[in-house]
Amino acid sequence: MARKKVTDYLEEQRRIAIFADVQNIYYTVREQYRRQFDYQALWNEIRHFGEINFAAAYAVDRNEPNQKKFQHKLREIGFDVKLKPYIQRADGSSKGDWDVGITIDVMEEAENADIVVLATGDGDFAPLVERIKERFQVSVWIVSVSTLTAKHLIDVADRHFPINGEMLINRP
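None of the values given here were measured: they were computed from a predicted structure.

**Topic: the packing of aromatic side chains**
Here comes step 1: Scanning the entire structure with this criterion turns up 10 aromatic pairs.
Here comes step 2: Both rings, one in Phe37 and one in Tyr39, keep their centres 4.7 Å apart while their planes meet at 90 degrees; by these two values the pair is edge-to-face. Across the pair, exposure class does not vary: Phe37 and Tyr39 are buried alike.
Here comes step 3: A centroid spacing of 5.0 Å and a plane angle of 85 degrees characterise the contact between Phe49 and Trp141, whose relative ring orientation is edge-to-face. Placement of the pair is Phe49 in the loop between α3 (39-46) and β3 (50-61) and Trp141 in strand β8 (residues 139-144), with a sequence separation of 92 residues. The exposure classification of Phe49 matches that of Trp141, with both residues buried.

Pasting the structure below:
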């Protein structure tokens with residue numbers, strides 16, 4: 001299947017679903033740029049391509065004041081914020097992975113979308129991308145830090161939006 005050009009998406013109103021892997025985006029942006037990701041900039045960019053009719057941000061909840069403010073901001077933008085409790089194990093490791101939850105939601109929402117936007121660089125999502133493209137004939141776009149994204153994930157996507165200066169909050 002040939003990749004579509006950006007202008008192909010402008011011809012008609014597309015239904016868009018956004019799924020943001022908050023932890024993956026947070027840590028990769030912090031590692032690469034020492035800054036924070038601007039979810040409003042993402043929203044503003046994506047809405048030029050159609051109507052955002054589903055948007056969810058998946059995060060780990062540590063019940064901290066700054067985190068609550070961030071979650072509130074995501075809701076103001078238009079995201080449904082889905083939270084899992086932060087779990088600190090006895091050995092010092094932590095748990096808070098949303099991969100299965102994101103996958104379930106993508107599988108449930110993809111049939112109602114023309115474009116699925118995944119904000120993550122996690123290569124574990126490559127088989128999901130392949131499956132929903134085949135099953136639902138959707139276009140899948142990845143938003144991620146290029147250098148910290150699995151190559152196979154970028155390869156199976158229809159479009160990759162690299163996170164760069166335009167999608168970053170200016171404070172270090």
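**Focus on the nonpolar core**
Here comes step 1: Among the nonpolar cores identified, the biggest contains 30 residues, and Ile18, Tyr39 and Phe79 are the most heavily contacted of them.
Here comes step 2: Among the secondary structure elements, those contributing two or more residues to this core are β1 (14-21), α2 (22-33), α3, β3, α4 (65-77), β7 (115-119) and β8.
Here comes step 3: Residues within four places of Phe79 in sequence aside, it is in contact with Ile18, Ala20, Tyr39, Leu42, Trp43, Ala55, Ala56, Ala57 and Leu74.
Here comes step 4: Core analysis: the next-biggest nonpolar cluster, separate from the first, contains 23 residues, Ala17, Trp98, Ile102 and Val138 among them.

**Thoughts on the pattern of salt bridges**
Here comes step 1: Taken as a whole, this structure holds five salt bridges when the rule is applied.
Here comes step 2: We note a salt bridge from Lys133 to Asp158, for which the minimum N-O separation is 3.4 Å. Taken as a pair, Lys133 in helix α6 (residues 126-136) and Asp158 in the loop between α7 (151-156) and β9 (159-162) lie far apart in primary sequence, 25 residues in all.

**Here we look at unusual backbone geometry**
Here comes step 1: The phi dihedral of Arg34 is positive, around 55 degrees, even though this residue is not glycine.
Here comes step 2: Of note, the phi angle at Gln137 is positive, near 50 degrees, even though the residue is not glycine.
Here comes step 3: Position of Gln137 among the secondary structure elements: in the loop between α6 and β8.
Here comes step 4: Since its relative accessible area comes to 59%, Gln137 is described here as exposed.

**Some points on the sheet that holds β9**
Here comes step 1: Strand order in this open sheet of six strands is β4-β3-β1-β7-β8-β9, and the pairing throughout is parallel. The open sheet has two free edges, formed respectively by β4 (80-85) and β9, since each of these has just one partner strand. With direction set aside, neighbouring strand axes in the sheet form an average angle of 15 degrees.
Here comes step 2: Summarising the sheet, β8 and β9 pair through four bridges and their orientation is parallel. From the neighbouring strand, Trp141 faces β9, where its bridge partner is Arg159.
Here comes step 3: Together, β1, β3, β7 and β8 form the strand contacts of α2, whose direction differs from that of β3 by roughly 75 degrees.
Here comes step 4: Helix α5 (residues 99-109) contacts β1, β3, β4 and β7 of the sheet and is inclined by roughly 175 degrees relative to β1.

**Thoughts on the environment of Thr28**
Here comes step 1: Tracing the sequence through the fold places Thr28 in helix α2.
Here comes step 2: On the basis of relative accessible area, Thr28 is assigned to the buried category, the value being 11%.
Here comes step 3: The spatial distance from the C-alpha of Thr28 to the C-alpha of Ser144 is 8.1 Å, given a sequence separation of 116 residues.
Here comes step 4: For Thr28, the contacting residues outside a window of four places in its chain are Val145 and Leu148.
Here comes step 5: There is a polar contact of 3.3 Å between the side chain of Thr28 and the backbone oxygen of Ile25.

How each quantity is defined
- Residues numbered from 1 in each chain as written.
- Predicted model: local features only at pLDDT ≥ 70, side-chain atom pairs only at ≥ 80, totals over all residues.
- Heavy atoms only, no water.
- Phe/Tyr/Trp six-rings, centres within 6.5 Å; stacked < 30°, edge-to-face > 60°.
- Buried < 20%, exposed > 50% of the residue type's maximum accessible area, 1.4 Å probe, protein only.
- Helix = DSSP H or I, 4+ residues; strand = E, 2+ residues; numbered from the N terminus.
- Core = buried A, V, L, I, M, F, W, Y, C linked by side-chain atoms within 4.5 Å.
- Contact = heavy atoms within 4.5 Å.
- Salt bridge = Lys/Arg side-chain N within 4 Å of Asp/Glu carboxyl O.
- Pairing = 2+ DSSP bridges.
- Axes fitted to C-alpha atoms, helices over the stretch in contact; angles between N-to-C directions.
- Polar contact = N/O pair within 3.5 Å; in protein donor to acceptor, adjacent residues only side chain to side chain.

Interpretation in functional terms is not warranted from these geometric data alone.
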